[in-house]
Amino acid sequence: MGSIEIKALTQTAETHAMLVDMLIETVAAGGSVSFMHPLALGAAGAFWRKSLIAAARGERAVLGAWDGEALVGTVTLLLDCPPNQPHRAEIAKLMTRVDHRGKGVATRLMRAAESLAVEKGRTLLVLDTATEEGASSLYERLGFTLAGEIPDYALKPHGGLTGTLIYWKRIGQCRCSPNFYPA
């Protein structure tokens, strides 16, 4: 594996095709990222089109991990929170290509997402991961705190139910004064 570069993704035909392939591969490998196996090409394409359009509007950031010309991982930072939550962001759709797992790609993506959240003035990150075969050990190594588990939260990509684990992490400089944010 060469040097991994993390950068924000935009809608290009090549990037879109690589994101679609990665999502289909992740679901086929059992990744709990909101889709069922087999995932249709059209459904994966529609998801990424909508996601990248939302990123262009500033509602989220879609980060990619590049190994040369190959997109080998992605994570989404959801920024479009309700008016009473301008201080937080949510991590979603962390994926690494199967042949790049265990090589630090997910850690690099998570650190980049956290740095971007801090740049955007966010002081709290939240995320969830499947109880079975999720990435809880990664999130705990990165300093996230387990808030709790919701049983039978979602279907696994190949069927059957799994719970979800909810995590949080304070980031940046907490500006917790009730007078900090405008009314």
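Check the entry above for the structure.
Quantities reported herein were computed from a predicted structural model and do not represent experimental measurements.

Asks: Would you take a moment to explain helix H1 (residues 13–28) for this structure?
Replies: In an α-helix, one turn spans 3.6 residues; hence positions three or four apart end up facing the same way. Compared with the 22 Å implied by 1.5 Å per residue over 16 residues, the 23 Å span of H1 between its first and last C-alpha is a close match. Of all the positions in H1, only Thr15, His16, Met18, Leu19, Val20, Met22, Leu23, Thr26 and Val27 are classed as buried. In this structure, the buried residues of H1 make contact with helix H2 (41–56), strand S2 (60–67), strand S3 (70–78) and strand S4 (88–96). Positive phi appears at Gly30, one or two residues downstream of H1, with a value of about 95°.

Asks: For this particular structure, what's the right way to read the environment of Leu127?
Replies: Tracing the chain through its elements places Leu127 in strand S5 (residues 124–130). Each C-alpha atom of the pair Leu127 and Glu140 lies 12 Å from the other, and the pair is 13 residues apart in sequence. Setting aside residues up to four positions removed in sequence, Leu127 forms contacts with Ile91, Met110, Tyr139, Phe144, Leu165, Ile166 and Tyr167.

Asks: Help me understand the nonpolar core, please; the structure alone is not making it clear to me.
Replies: Grouped burial of nonpolar side chains is what soluble globular proteins tend to show. In terms of nonpolar packing, the biggest core is built from 27 residues, with Val75, Leu77, Ile91, Leu94, Met110, Leu125 and Phe144 touching the most fellow members. Of all the elements in the fold, those that place two or more residues in this core are S2, S3, S4, helix H3 (105–119), S5, helix H4 (136–141) and strand S7 (161–170). If you tally residues by element for this core, the top one is H3, at seven residues. Those residues within four positions of Val75 in sequence are excluded, and the remaining contacts are Ala61, Val62, Leu63, Ile91, Ala92, Lys93, Leu94, Leu109, Met110 and Ala113. Counting residues in hydrophobic clusters, the runner-up holds 19 residues, among them Leu9, Val27, Ala44 and Leu71.

Asks: Explanation requested: the packing of aromatic side chains in the structure shown.
Replies: The geometry of an aromatic ring pair is captured by the separation of the ring centres together with the interplanar angle, meaning the angle of the planes. Counting across every chain of the model gives four aromatic pairs. A ring pair is formed by Phe47 and Trp48, whose centres lie 4.9 Å apart and whose planes are at 70°; its orientation type is edge-to-face. You can call Phe47 buried: its relative accessible area is 18%. Looking at Trp48, the relative accessible area reads 0%, which means it is buried. With a centroid separation of 6.2 Å and an interplanar angle of 50°, the aromatic rings of Tyr139 and Tyr167 are classed as tilted. Of this pair, Tyr139 sits in helix H4 while Tyr167 is found in strand S7, placing the two residues 28 residues apart along the sequence. Both residues of the pair, Tyr139 and Tyr167, count as buried. These aromatic residues form a ring-pair network of at least three members: Phe35, Phe47 and Trp48.

Asks: Would you mind showing me how to read the sheet that holds S3 here?
Replies: Across a sheet, strands are paired by hydrogen bonds formed along the backbone, either parallel or antiparallel in direction. The strand order across the open sheet formed by seven strands is S1-S2-S3-S4-S5-S7-S6, and the pairing between neighbours is mixed. With partners counted over all chains shown, the strands left at the sheet margins are strand S1 (4–8) and strand S6 (145–155), one partner each. The mean inter-strand angle of the sheet, taken between neighbouring strand axes irrespective of direction, is 25°. Pairing between S4 and S5: three bridges, direction parallel. Pairing of Ala89 across the sheet is with Leu125, part of S5. Across the sheet, H1 lies against S2, S3 and S4, angled at about 85° from S3, the strand it touches most. Contacting S1, S2, S3, S4, S5 and S7, H3 crosses the sheet at an angle of about 35° to S3.

Asks: Got a minute to help me understand the pairing of S4 in this structure?
Replies: Consecutive side chains of a regular strand alternate in pointing toward one face of the sheet and then the other. With respect to burial, S4 is a largely interior element, eight of its nine residues being buried. Relative to S4, S3 runs antiparallel, the two being bridged by five bridges. Paired with Gly73 across the strands is Thr96, a residue of S4. Considered for its hand, the β-α-β crossover made up of S4, H3 and S5 is right-handed.

Conventions used here
- Residues numbered from 1 in each chain as written.
- Predicted model: local features only at pLDDT ≥ 70, side-chain atom pairs only at ≥ 80, totals over all residues.
- Heavy atoms only, no water.
- Helix = DSSP H or I, 4+ residues; strand = E, 2+ residues; numbered from the N terminus.
- Expected span 1.5 Å × (residues − 1).
- Buried < 20%, exposed > 50% of the residue type's maximum accessible area, 1.4 Å probe, protein only.
- Contact = heavy atoms within 4.5 Å.
- Core = buried A, V, L, I, M, F, W, Y, C linked by side-chain atoms within 4.5 Å.
- Phe/Tyr/Trp six-rings, centres within 6.5 Å; stacked < 30°, edge-to-face > 60°.
- Pairing = 2+ DSSP bridges.
- Axes fitted to C-alpha atoms, helices over the stretch in contact; angles between N-to-C directions.
- Right-handed = clockwise from strand over helix to strand, strands pointing away.

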